[in-house]
Amino acid sequence: MPIETVAVNLGTRSYEVRIGTGLLARAGAEIAPLLRRPRVSVLTDGNVAALHLDALRAGLGDISMTALALPPGEGTKGWPEFSRAVEWLLAEKVERRDIVIALGGGVIGDLAGFAAAVLRRGVRFVQIPTSLLAQVDSSVGGKTGINSAHGKNLIGAFHQPSLVLADIGLLATLPPRDFLAGYGEVVKYGLLGDAAFFDWLEANGPALAAGDAALRQYAVRRSVEMKAAIVSRDETEEGERALLNLGHTFCHALESATGYGARLLHGEGVAIGCALAFEVSQRLGLCSQEAPSRVRAHLRSMGMKTDLADIEGDLPDADMLLALMAQDKKVQDGKLRFILARGIGEAFVADGVDLAVVRGVLAEGLRGR
């Protein structure tokens, strides 16, 4: 499969997302045109470092590399490890014209991007996403940040990368659960704006999960195309970009309720959140009864979490989950905004949603546990 390129068109901040196998092995050739001097500083985590750091070092060739491996997991996305990363980059004497590389999944990409955004008031960075979730979503679009005790991603900045290298071959090293968590974000793109892509996923999802590289590359490329188009039109989420948050209002509340830990991975929360968003949409008379059933059927066919009952351990009641949603970044003027749908591929931003309906859907899901 040839390497494919998707452009994110943002004027002077435009960049390319390159998608294909073998990109890590040629990282030096890809990154060299961006460098003012032949050196880079890499932020990664312990798991990714063990798998891919030596390959990156080899792929960089004559470019010198230093690296800091942070602990794996969502718990890293907070002040302590963020501060450690920034202080390390300063100790490495990273200059404004240098490049920071984020080698890892969504946690490392978000944290490294935010570190680059604030370091010396902004240095450039390159995303090398190693998870499916990061390749299709978090590495593209310039959202960077860390979590707070008050909620997820509440501290951060918009800071676009200079380049994204999505090496499809790296996905082969993912545990099945992590791959399927990322697939939750892939499904989201079909649900929010491309019914034909959702049809394609229904037909090809199992083979894609089983390891078909060509199918994986198409799924990543189509997801990135959709995100790039939306980000190009609405970089800082003033309107249309909010559609990318389909499922996320529910997801972020569930992640907070489960302590941002291994009980619920982000992409699993997105999948459950999408199912809940379609259920609420159906209860409000916005879409047919078939739509939420079809969403759940596909997720189940992939062996994914689809309902609140699939989350192990205790969960708060419906009122507490609603209170957690009220901390979401998508709250405007004190009111929750939901992404709902009129059907598969027809999502829209909804204000003034009847919270009694949302509470009812949550309470019903909790009773099913």
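Residues numbered from 1 in each chain as written. Predicted model: local features only at pLDDT ≥ 70, side-chain atom pairs only at ≥ 80, totals over all residues. Heavy atoms only, no water.

Trainee: Any details on the packing of aromatic side chains? Residues and values, ideally.
Mentor: Summed over the entire model, instances satisfying the criterion amount to six aromatic pairs. For the ring pair Trp79 and Phe82, a centre distance of 5.9 Å and an interplane angle of 70° mean the geometry is edge-to-face. Note that Trp79 and Phe82 are positioned in helix α3 (residues 79-91) at a spacing of three residues, about one turn of the helix. What makes Phe82 buried here is its relative accessible area of 6%. Centre to centre, the rings of Phe197 and Tyr218 are 6.2 Å apart; their planes meet at 70°, and the pair counts as edge-to-face. (Phe/Tyr/Trp six-rings, centres within 6.5 Å; stacked < 30°, edge-to-face > 60°. Helix = DSSP H or I, 4+ residues; strand = E, 2+ residues; numbered from the N terminus. Buried < 20%, exposed > 50% of the residue type's maximum accessible area, 1.4 Å probe, protein only.)

Trainee: Let's hear about the pairing of strand β4 (residues 64-70): which residues, and what values?
Mentor: By the bridge criterion, seven bridges tie strand β3 (residues 39-45) to β4 in an arrangement that is parallel. By the bridge assignment, Val40 is partnered in β4 with Met65. For the crossover from β3 across helix α2 (residues 46-60) to β4, the handedness is right-handed. (Pairing = 2+ DSSP bridges. Right-handed = clockwise from strand over helix to strand, strands pointing away.)

Trainee: Just give me the short version of unusual backbone geometry, but keep the residues and values in it.
Mentor: Not every positive phi belongs to a glycine, and Arg120 is a case in point at roughly 50°. For Arg120, the location among the structural elements is in the loop between α4 (106-118) and β6 (124-129). For Arg120, a relative accessible area of 39% gives the class partly exposed. Within the chain, Glu237 stands out as a residue other than glycine whose phi angle is a positive 60°. With respect to the element layout, Glu237 can be found in the loop between α8 (213-233) and α9 (248-257).

Trainee: An account of the sheet that holds β3 is requested, with residue identities and associated values reported.
Mentor: The mixed open sheet is built from seven strands, whose spatial order is β1-β2-β9-β6-β5-β3-β4. Edge positions in the open sheet fall to β1 (4-8) and β4, since each of these has one partner strand only. Averaged over all adjacent pairs, the angle separating strand axes in this sheet is 20°, with direction ignored. Two elements, β6 and strand β9 (residues 163-167), share two bridges in a ladder whose sense is parallel. Within β9, the residue paired with Val126 across the bridge is Leu163. The sheet strands contacting α8 are β1 and β2 (15-20), and the helix crosses β1 at an angle near 15°. (Axes fitted to C-alpha atoms, helices over the stretch in contact; angles between N-to-C directions. Contact = heavy atoms within 4.5 Å.)

Trainee: Tell me about the environment of Ala134, and name the residues and values.
Mentor: The residue Ala134 is located in helix α5 (residues 132-138) in this model. Judged by its relative accessible area of 2%, Ala134 is buried. Sequence separation between Ala134 and Glu74 is 60 residues, and the spatial gap between their C-alpha atoms is 13 Å. Setting aside residues no more than four positions away along its own chain, Ala134 makes contact with Gly104, Gly105, Gly106, Pro129 and Ser139.

Trainee: Explain the pattern of salt bridges to me, and be specific about the residues and the numbers.
Mentor: Side chains carrying opposite charge are able to pair once their charged atoms draw close together. Per the stated rule, a full pass over the model turns up 30 salt bridges. Note that Glu279 is salt-bridged to Arg283, the shortest N-O span being 3.1 Å. Residue Glu279 and its partner Arg283 are located together in helix α10 (residues 266-283), separated by four residues, close to a single helical turn. Classification of Glu279 as buried rests on a relative accessible area of 12%. Under the relative-accessibility criterion, Arg283 is labelled partly exposed at 36%. As a salt-bridge pair, Glu279 and Arg296 come within 2.9 Å of each other at their nearest N and O atoms. Placement of Glu279 in helix α10 and of Arg296 in helix α11 (residues 290-301) is noted, with a sequence separation of 17 residues between them. Here the residues in one salt-bridge network are Glu279, Arg283, Arg296, Arg300, Asp307 and Glu364, joined through shared partners. (Salt bridge = Lys/Arg side-chain N within 4 Å of Asp/Glu carboxyl O.)

Trainee: With reference to specific residues and values, describe the packing of α10 against α11.
Mentor: Two elements in contact, α10 and α11, have axes separated by 8 Å at closest approach and are oriented at 165°. Regarding the angle of α10 to α11, the classification is roughly antiparallel. The two elements α10 and α11 meet at a crossing, and its hand is left-handed. Each of Ala271, Ala275, Phe278, Glu279 and Gln282 in α10 lies in contact with α11, whose residues at this interface are Ala291, Pro292, Val295, Arg296 and Leu299. (Parallel < 35°, antiparallel > 145°, perpendicular 65-115°, else oblique. Left-handed = near helix turned anticlockwise from the far one by under 90°.)

Trainee: Help me get a handle on α11, residues and values and all.
Mentor: Since the α-helix turns once every 3.6 residues, residues separated by three or four places project in the same direction. Compared with an ideal rise of 1.5 Å per residue, which puts twelve residues at 16 Å, α11 spans 16 Å between its outermost C-alpha atoms and is within 8% of the ideal. Along α11, the positions that sit buried rather than exposed are Ala291, Pro292, Val295, Arg296, His298 and Leu299. Projected onto a plane normal to the axis of α11, the buried residues spread over an arc of 160° and lie on a single side. The exposed residues of α11 that point more than 90 degrees off its buried face are Glu290 and Ser301. Buried positions along α11 lie against α6 (176-193), α7 (195-210) and α10. The positive-phi residue at the C-terminal boundary of α11 is Gly303, with phi of around 75°. (Expected span 1.5 Å × (residues − 1). Arc of directions from axis to C-beta.)

Trainee: So what's going on with the environment of Leu170? Which residues, and what values?
Mentor: With respect to the helices and strands, Leu170 occurs in the loop between β9 and α6. By relative accessible area, which is 6% here, Leu170 ends up buried. Setting aside chain neighbours within four positions, we find Leu170 in contact with Leu24, His52, Pro129 and Thr130.

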